[in-house]
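Spelled out from the first residue to the last, the chains are:
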Amino acid sequence: METKYKKVALSDLTELAQPAEAIKQGKLVAFPTETVYGLGANALDGDAVRSIFKAKGRPNDNPLIVHIADTSMLEPLVTEITPDTKKLIAAFWPGPLTLVLKKTLLVPDETTAGLDSVAVRMPDHPIALELIRKSGVPIAAPSANRSGRPSPTMAEHVAEDMHGRISWIVDGGSCKVGVESTVLDMSDGIPTILRPGGITPEMIEKVIGRVQLDRSLITGKSVEKPRSPGMKYTHYAPRGDVIVVSGEHIKVAQWINHSAEEDRKAGLKAVILSATEHLSHYPENTTLSYGSLSHPEEAATNIFRLFRQSDRNGAQKIYVEAIPKDGIGLAVMDRIEKAAAGRFIRLD
Ligand code: TXA
Ligand code: MG
């Protein structure tokens, strides 16, 4: 398949006419959002949605998020919008909060993987919003990576994974949040965070009071039948082995330096993802900085890009300094721990 590229400047959104036309015709279009790039298709067209799964190599029991451009697009998709849901919409949309709500018959089973709920969000990105408006339909979009790979935060990451598999890649530059949206289940019982993201538990609590973390996020173990089906798959992983190390930072640096030295002796290439504050603990040219510990949103913006860069550098071992699970740090550590698949060293 021929993949067409279009660089779109925020000052000229008329450039989106052709990609929007492609969505109308049931084709696949990758586009930027404030979190990560999405791989979009008409959410109401079961055949179009099926081709998303094919292009990504995504297991078909993993439902998609439906993206809308204004709240009037929500009503036909869901059976009920409760007062708490309304408060969340007023506080966080457009933005990185996905709400899981009971679906209507309008939403095809392909989009929700047969569930009776649908995940919906309004992205905070002018290109995403205009693409939805111009195509005139809600757009189902998972992250635009091949299944299991790190989510793309730049158009070139999408090209790496999707060139030749989709119709269009809309290049709108780098994504500012860098990790995927928070998924909050409002469909049943106590509001439950199924996936941590840009909107933190503290922020949600301020608006609706009680909110809980899904069991799988507390135990760190995958559960057999998770409420968010996507959470059971290996995720976000670069090709090299990710090893997360937590504890007092001098000890962490000593442990990583020792292990990386052993790797080098064994002929393996190692890279260290460290906080800017700790770069001086490591030999030159062994590190990539994910940002300052006092600004965990920098680690969110950078982490997936650094995973891909580690791959391009041919790293077989990727050591990552853990960050505190406060605020957006919870989402960053969720992604890092999933990429590490159990390789977690605790030094205190
Ligand atoms: O930031 C984002 O959310 C990005 C951008 C493109 O919007 N999208 C994204 O989609 O991360 P995806 O497909 O990579 O992740 C969707 C997550 C999965 O964990 C999936 O299981 C969950 O949302 N999900 C979707 N529908 C659901 C539902 N009805 N009930 C529970 N979980 C659902
Ligand atoms: Mg994804």
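Since the model is a prediction, treat every value here as computed from it, not as a measurement. Counting restarts for each chain, with residues numbered from 1 along the sequence as it is written. Written order decides the labels, with chains lettered from A and ligands numbered from 1. Under the rules for a predicted model, residues below a pLDDT of 70 receive no local features and side-chain atom pairs below 80 are neither given nor counted, while totals for whole chains, interfaces and linings still include all residues. The side-chain numbers reported here are obtained from all heavy atoms of the structure, hydrogens and water having been left aside.

Draft legend 1. Quick peek at the sheet that holds strand S5 (residues 97-102). Following DSSP output, two strands are said to pair if at least two bridges run between them. In this text, helices come from DSSP runs of H or I with a minimum length of four residues, and strands from runs of E with a minimum of two, each type numbered from the N-terminal end. Overall, mixed pairing links the 11 strands, which are arranged S1-S8-S2-S3-S7-S4-S6-S5-S9-S10-S11 in an open sheet. The open sheet has two free edges, formed respectively by strand S1 (4-7) and strand S11 (212-213), since each of these has just one partner strand. With 4 bridges joining them, S1 and strand S8 (residues 168-171) adopt parallel strand pairing. Considered in S8, the bridge of Lys7 is made with Asp171.

Draft legend 2. Spotlight on the packing of aromatic side chains. Only Phe, Tyr and Trp rings are paired, with Trp represented by its six-membered ring, and only when their centres lie within 6.5 Å; those with planes under 30 degrees apart are stacked, over 60 edge-to-face, the remainder tilted. Counted according to the given criterion, the structure contains 1 aromatic pair. An angle of 75° between the planes, with centres 6.1 Å apart, marks the rings of Trp255 and Tyr319 as edge-to-face. Of this pair, Trp255 sits in helix H9 (residues 249-265) while Tyr319 sits in strand S15 (residues 317-321); the two residues are 64 residues apart in sequence, bridging distant segments of the chain. Think of it in three bands: residues with accessible area under 20% of the maximum for their type are buried, residues over 50% are exposed, and the middle band is partly exposed, with areas taken using a 1.4 Å probe on protein chains only. For Trp255, a relative accessible area of 27% corresponds to the partly exposed category. When its relative accessible area of 3% is taken as the criterion, Tyr319 is described as buried. Only lysine NZ and arginine CZ atoms are considered, and such an atom sits over a ring when it is within 6 Å of the ring centre and within 35 degrees of the ring normal. Sitting over the ring of Phe344, Arg346 keeps its end group 4.0 Å from the ring centre.

Draft legend 3. Broad picture of the packing of helix H6 (residues 155-162) against helix H10 (residues 296-312). Note on geometry: axes are lines fitted to C-alpha atoms, helical ones only across the stretch in contact, with angles between N-to-C directions running from 0 to 180 degrees. Between H6 and H10, the shortest axis-to-axis distance is 11 Å and the interhelical angle comes to 55°. Considering their axes alone, H6 and H10 lie oblique with respect to each other. As H6 runs across H10, the sense of the crossing is left-handed. Judged by residue contacts, His157, Glu160 and Asp161 of H6 engage Arg305, Arg308 and Arg312 from H10. Three classes are used, and their members are as follows: Ala, Val, Leu, Ile, Met, Phe, Trp, Tyr, Cys and Pro are nonpolar, Asp, Glu, Lys and Arg are charged, and the others, Gly among them, are polar. When its residues are assigned to classes, the contact of H6 with H10 shows no nonpolar, 1 polar and 5 charged. Our angle categories are set so that under 35 degrees counts as roughly parallel, over 145 as roughly antiparallel, 65 to 115 as roughly perpendicular, and the remainder as oblique. Here a crossing is taken to be left-handed if its near helix is turned anticlockwise relative to the far helix by less than a right angle, and right-handed if that turn runs clockwise. Contacts are residue-level and defined by heavy atoms, with any inter-residue pair within 4.5 Å sufficient.

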